[in-house]
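Secondary and tertiary structure notes
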Amino acid sequence: LVAYSQGALFGNVAYLHAKSKQRLAPFEMVHIAPASSHSPGQGHTRVDKDTVLNLLAAVATIPAVTNAIASYWFRPAGLNGKTDFMGHGLLEVYLNPHLKSSTRIVDQIDAALRSMSLKSEPTV
């Protein structure tokens, strides 16, 4: 599972439900810009200049910052050719190939896939 922003709220419920089922094949979850806390051991990526999450962090507990990014004026355009002043855009910031946050996310997804392939599938 990959959850972005407030999708983490739904992703956490789906993850816990799926983990409670004995017959499901192994799976993992990666959070991108999580708007809620999550289970230990699940990967997450959060940038320091994400204004949306920084405001949320003032009133709620969310995962810590993992990556620093350049300020808006010095940040390269993202996958969609745009920039995001709020620093929260999935394509503009988190999956921007010019920022280390995208490398971290790809590495987390790759690690999750490797982990799932190493786990034996339960019998049905």
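That block above? That's the structure.
Residues numbered from 1 in each chain as written. Predicted model: local features only at pLDDT ≥ 70, side-chain atom pairs only at ≥ 80, totals over all residues. Heavy atoms only, no water.

Looking at the secondary structure, you find Asn12 in helix 1 (residues 7-19). For Asn12, the side chain forms a polar contact with the side chain of His31, separated by 3.3 Å. (Helix = DSSP H or I, 4+ residues; strand = E, 2+ residues; numbered from the N terminus. Polar contact = N/O pair within 3.5 Å; in protein donor to acceptor, adjacent residues only side chain to side chain.)

Our next topic: the nonpolar core. Listed in full, the 11 residues of the largest apolar core are Ile32, Ala33, Ala35, Val47, Leu53, Ile62, Ile69, Val93, Tyr94, Leu99 and Ile105. In contact with Ile62, not counting residues within four places along its chain, are Pro34, Ala35, Ser36, Ser37, Arg46, Leu53, Leu56 and Ala57. Counting six residues, the second-largest nonpolar core is a separate cluster that includes Ala3, Ala8, Tyr15 and Ala18. (Core = buried A, V, L, I, M, F, W, Y, C linked by side-chain atoms within 4.5 Å. Buried < 20%, exposed > 50% of the residue type's maximum accessible area, 1.4 Å probe, protein only. Contact = heavy atoms within 4.5 Å.)

Turning to a nonpolar patch on the surface, a few remarks are in order. The grouping of Val52, Trp73, Phe74, Phe85 and Met86 at the surface amounts to a nonpolar patch, some 630 Å² of accessible area in total. The residue Phe85 is located in the loop between helix 2 (51-57) and helix 3 (90-94) in this model. (Patch = residues over 30% accessible without salt bridge, like charges linked within 9 Å, V, L, I, M, F, W, Y side chains within 5 Å. Areas by Shrake-Rupley, 256 points an atom, 1.4 Å probe, with all protein chains shown as cover. Salt bridge = Lys/Arg side-chain N within 4 Å of Asp/Glu carboxyl O.)

A rise of 1.5 Å per residue sets the reference length of helix 1, with its 13 residues, at 18 Å; its end C-alpha atoms lie 18 Å apart and thus fit the reference within 8%. Where helix 1 is buried, its residues touch strand 1 (2-4) and strand 2 (30-32). (Expected span 1.5 Å × (residues − 1).)

The subject of this paragraph is the sheet that holds strand 2. Sheet strands line up and pair through hydrogen bonds in the backbone, either parallel or antiparallel. Pairing within the open sheet is parallel, and its three strands lie in the order 1-2-3. If you trace the sheet from one side to the other, it starts and ends with strand 1 and strand 3 (43-45), each paired once. Taking the axes of each pair of neighbouring strands and ignoring which way they run, one obtains an average angle of 15° across the sheet. As paired strands, strand 2 and strand 3 are joined by three bridges and run parallel to one another. Considered in strand 3, the bridge of His31 is made with His44. Here helix 1 sits on the sheet and contacts strand 1 and strand 2; the angle it forms with strand 1, its principal contact strand, is near 150°. Contacts between helix 4 (residues 100-118) and the sheet are confined to strand 1, strand 2 and strand 3, with strand 3 contributing the most and set at about 165° to the helix. (Pairing = 2+ DSSP bridges. Axes fitted to C-alpha atoms, helices over the stretch in contact; angles between N-to-C directions.)

Turning next to the pattern of salt bridges. It is possible for side chains of opposite charge to pair when their charged atoms get near one another. What the rule picks out here adds up to one salt bridge. A salt bridge links Lys49 to Asp48; the shortest N-O distance between them is 3.2 Å. Classification of Asp48 as partly exposed rests on a relative accessible area of 25%.

By the definition in use, this model includes three aromatic pairs. Seen in terms of ring centroids, Tyr4 and Tyr94 are 6.5 Å apart; in terms of plane orientation they differ by 65°. Their pairing is edge-to-face. With Tyr4 in strand 1 and Tyr94 in helix 3, this residue pair connects regions lying 90 residues apart in the sequence. Classification of Tyr4 as partly exposed rests on a relative accessible area of 25%. For Tyr94, a relative accessible area of 0% puts it in the buried group. Centre to centre, the rings of Tyr72 and Trp73 are 5.0 Å apart; their planes meet at 80°, and the pair counts as edge-to-face. Overall, Tyr72 belongs to the partly exposed group, its relative accessible area being 24%. An aromatic cluster of at least three residues, connected via ring pairs, comprises Tyr72, Trp73 and Phe85. (Phe/Tyr/Trp six-rings, centres within 6.5 Å; stacked < 30°, edge-to-face > 60°.)

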